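# Chain and residue survey
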Amino acid sequence: MRRALLAITGLAAGTTALVVLKGAPGAGQAGADVPAALAPVAPGGSAAPEPPSPTGSAPGDVTPSPRASSKPAPKPSAERSAASRGGTRTTPAAPRTTTSAPKVTTRTVTGPSVTYEYGSLQVRITLSGSRIVDATAIGLPLGGQSGQRSDDVQARYSGTSGEVVARQSANLSTVSGATYTSTAYKQSLQAALDKA
């Protein structure tokens with residue numbers, strides 16, 4: 001009975017020393033200074049040796065603790081041992097996922113030819129993805145008053161900095177003095193947008 005009590009007391013003292021030393025700074029060296037009688041129990045390993053009894057019995061009379069296991073002690077991981085030495089824990093980086101931007105396709109769509117008071121015209125738009133980047137009218141009358149009106153419409157609506165690109169729709173303001181040409185331009189543009 002006395003031996004069992006001493007074994008339990010030794011085990012409790014060893015566990016207490018292990019907990020105290022593991023939490024203290026420099027725990028790696030302090031654990032080396034612990035006497036063999038107070039050596040901690042390894043997880044899954046055998047109990048600490050029993051201190052000599054006061055009755056002077058031989059070492060062969062020592063009975064193993066009932067907690068002793070025949071399983072080998074697990075090896076501490078690098079992460080655990082770094083933490084016990086006061087080091088920093090490093091976690092592996094998340095895998096990088098690379099996604100390339102979708103390729104933007106540039107395409108040209110031409111609206112139908114619209115006949116109006118001074119002739120006929122059709123609008124060609126260039127799209128990058130779903131965005132209009134350029135617009136131009138084809139077949140506008142040249143020369144004379146109708147040519148001048150056509151030039152005004154072309155200057156206001158067409159090009160990379162025209163109203164079509166700015167508004168991204170066929171909802172355009174009418175060019176003063178060129179109502180028929182403006183209306184024909186908007187009709188062909190709307191048809192081109194519907195096709196796109």
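Now for a quick tour of the structure. Per chain, the residues get numbers from 1 upward, laid out in the order the sequence is written. Since the coordinates come from a predicted model, pLDDT governs what is reported: local features require at least 70, and pairs of side-chain atoms require 80 or more to be given and counted, while whole-chain, interface and lining totals use all residues. The side-chain values count all of the structure's non-hydrogen atoms but skip hydrogen atoms and water molecules.

## Things to note about the overall build of the protein
Each helix corresponds to a stretch of at least 4 residues labelled H or I by DSSP, and each strand to a stretch of at least 2 residues labelled E; elements are numbered beginning at the N terminus. Along its length, the protein carries 6 helices and 4 strands. Reading the protein from its N terminus to its C terminus gives the helix and strand order α-α-α-β-β-β-β-α-α-α. The rule is simple: take the accessible area with a 1.4 Å probe, protein chains only, and divide by the maximum for that residue type; under 20% is buried, over 50% is exposed, in between is partly exposed. Taking all 196 residues of the protein together, the buried fraction comes to 24%. Within the protein, contacts between residues at least 6 apart in sequence are counted, and of these 45% link residues at least 24 apart. It only takes one pair of heavy atoms within 4.5 Å for two residues to be counted as in contact.

## Notes on the packing of aromatic side chains
We call Phe, Tyr and Trp rings a pair once their centres come within 6.5 Å, taking the six-membered ring for Trp, and we label the pair stacked below 30 degrees between planes, edge-to-face above 60, and tilted otherwise. With the rule as written, the count across this model stands at 3 aromatic pairs. One aromatic cluster is present, built from ring pairs that chain together Tyr116, Tyr118 and Tyr180.

## Quick look at the nonpolar core
In this description, a nonpolar core means a group of buried Ala, Val, Leu, Ile, Met, Phe, Trp, Tyr and Cys residues linked to one another through side-chain atoms lying within 4.5 Å. Of all hydrophobic cores here, the largest spans 23 residues; its most connected members are Leu121, Ile125, Tyr157, Val164, Tyr185 and Leu189. For this core, the secondary-structure elements that each account for two or more residues are β2 (114-116), β3 (119-128), β4 (131-138), α4 (144-157), α5 (163-167) and α6 (179-195).

## Observations regarding α4
Helix span is expected to be 1.5 Å times the residue number reduced by one. Between its first and last C-alpha atoms α4 spans 20 Å; for 14 residues at 1.5 Å apiece the expected length is 20 Å, and the two agree. Residues Ser146, Gly147, Ser150, Val153 and Tyr157 constitute the buried set of α4. Projected down its long axis, α4 shows its buried positions confined to an angular sector of 120°, all on one face. In α4, the exposed positions that point more than 90 degrees away from the buried face belong to Gln145, Gln148, Asp151 and Ala155. In this description, one arc is meant: the one made by directions from the helix axis to the C-beta atoms.

## Points about the environment of Ser169
On the secondary structure map, Ser169 appears in the loop between α5 and α6. When its relative accessible area of 22% is taken as the criterion, Ser169 is described as partly exposed. Excluding residues that lie within four positions of it along the chain, Ser169 makes contacts with Ile132, Val164, Leu189 and Leu193. At a separation of 3.1 Å, a polar atom in the side chain of Ser169 contacts the main-chain amide nitrogen of Asn171. Polar contacts here mean pairs of N or O atoms no more than 3.5 Å apart (in protein, one a potential hydrogen donor and the other a potential acceptor; neighbouring residues in sequence count only if both atoms are side-chain atoms).

## Focus on the packing of α4 against α6
Contact geometry of α4 with α6 gives a least axis separation of 9 Å together with a crossing angle of 45°. Comparing their axes, α6 and α4 come out oblique. The way α4 lies across α6 gives a crossing that is right-handed. Contacts between α4 and α6 involve Ser150, Val153, Gln154 and Tyr157 from the first element and Thr181, Ser182, Tyr185 and Lys186 from the second. Considered class by class, the residues forming the contact of α4 with α6 number 3 nonpolar, 4 polar and 1 charged. To get an axis, fit a line to the C-alpha atoms, keeping to the stretch in contact for a helix; angles then go from 0 to 180 degrees between the N-to-C directions. Note on terminology: angles under 35 degrees are roughly parallel, angles over 145 are roughly antiparallel, angles of 65 to 115 are roughly perpendicular, and the others are oblique. For a crossing to be left-handed, the near helix must be turned anticlockwise from the far one by less than a right angle; the clockwise case is right-handed. Gly is put with the polar residues, along with every residue not named as nonpolar or charged; the nonpolar set is Ala, Val, Leu, Ile, Met, Phe, Trp, Tyr, Cys and Pro, and the charged set is Asp, Glu, Lys and Arg.

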